[in-house]
Amino acid sequence: MRLSTWLDLEGRTQTWVATQVGISRSVVNDWVHGRKVPSLENRRLITALSAGLVGVDDWPERTSR
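Residues numbered from 1 in each chain as written. Predicted model: local features only at pLDDT ≥ 70, side-chain atom pairs only at ≥ 80, totals over all residues. Heavy atoms only, no water.

### Concerning helix H2 (residues 14-21)
Okay, so step 1: Residues of H2 that are buried: Gln14, Val17, Ala18 and Val21. Buried residues along H2 cover an arc of 100 degrees about the axis, so they all sit on one side.
Okay, so step 2: Looking at the packing, one finds that the buried side of H2 touches helix H1 (3-10), helix H3 (25-32) and helix H4 (40-49).
Okay, so step 3: Glycine 22 sits one or two residues past H2 and shows a positive phi near 85 degrees. (Buried < 20%, exposed > 50% of the residue type's maximum accessible area, 1.4 Å probe, protein only. Helix = DSSP H or I, 4+ residues; strand = E, 2+ residues; numbered from the N terminus. Arc of directions from axis to C-beta. Contact = heavy atoms within 4.5 Å.)

What follows is the structure, given as structure tokens:
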């Protein structure tokens, strides 16, 4: 499941994720919009936060800008 889908389903915000992971909201926004892909460590944290619903391999390839 994509991070944006999970956030919508759970009623969570990008700010909440940023706080949980210890990064800025703008970085989470980049993840949601495919501008950046989180590190493996951060993907594992997101997987844990989402109880496995957003998997380590559920990230789109980075779009070129």
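### Description of the nonpolar core
Okay, so step 1: Core analysis: the biggest nonpolar cluster contains 12 residues, these being Leu3, Trp6, Leu7, Val17, Ala18, Val21, Val28, Trp31, Val32, Ile46, Val54 and Trp59.
Okay, so step 2: Counting only elements with at least two residues in this core, the list comes to H1, H2 and H3.
Okay, so step 3: If near-sequence neighbours (up to four positions away) are discounted, leucine 3 is found in contact with Val28, Trp31, Val32, Ile46, Val54 and Trp59. (Core = buried A, V, L, I, M, F, W, Y, C linked by side-chain atoms within 4.5 Å.)

### A short note on the side chain of asparagine 29
Okay, so step 1: Tracing the chain through its elements places asparagine 29 in helix H3.
Okay, so step 2: A relative accessible area of 17% means that asparagine 29 is categorised as buried.
Okay, so step 3: Other than its neighbours up to four places away in sequence, asparagine 29 contacts Gln14 and Arg35.

### Notes on H1
Okay, so step 1: Within the span of H1, buried status applies to Leu3, Trp6 and Leu7. Relative to the axis of H1, the buried residues are bounded by an arc of 100 degrees and lie together on one face. Exposed side of H1, more than 90 degrees from the buried face: Asp8 and Leu9 are the residues found there.
Okay, so step 2: Check the buried side of H1 and you find it contacts H2, H3 and H4.
Okay, so step 3: The positive-phi residue at the C-terminal boundary of H1 is glycine 11, with phi of around 70 degrees.

### What to know about the packing of H1 against H3
Okay, so step 1: Contact pair H1 / H3: the axes reach a minimum separation of 8 Å and the direction vectors enclose 115 degrees. With respect to each other, H1 and H3 are oriented roughly perpendicular. Along the contact surface, H1 presents Leu3, Ser4 and Leu7, while H3 presents Val28, Trp31 and Val32.
Okay, so step 2: Residue classes in the contact of H1 with H3 are distributed as 5 nonpolar, 1 polar and no charged. (Axes fitted to C-alpha atoms, helices over the stretch in contact; angles between N-to-C directions. Parallel < 35°, antiparallel > 145°, perpendicular 65-115°, else oblique. Nonpolar A, V, L, I, M, F, W, Y, C, P; charged D, E, K, R; others polar.)

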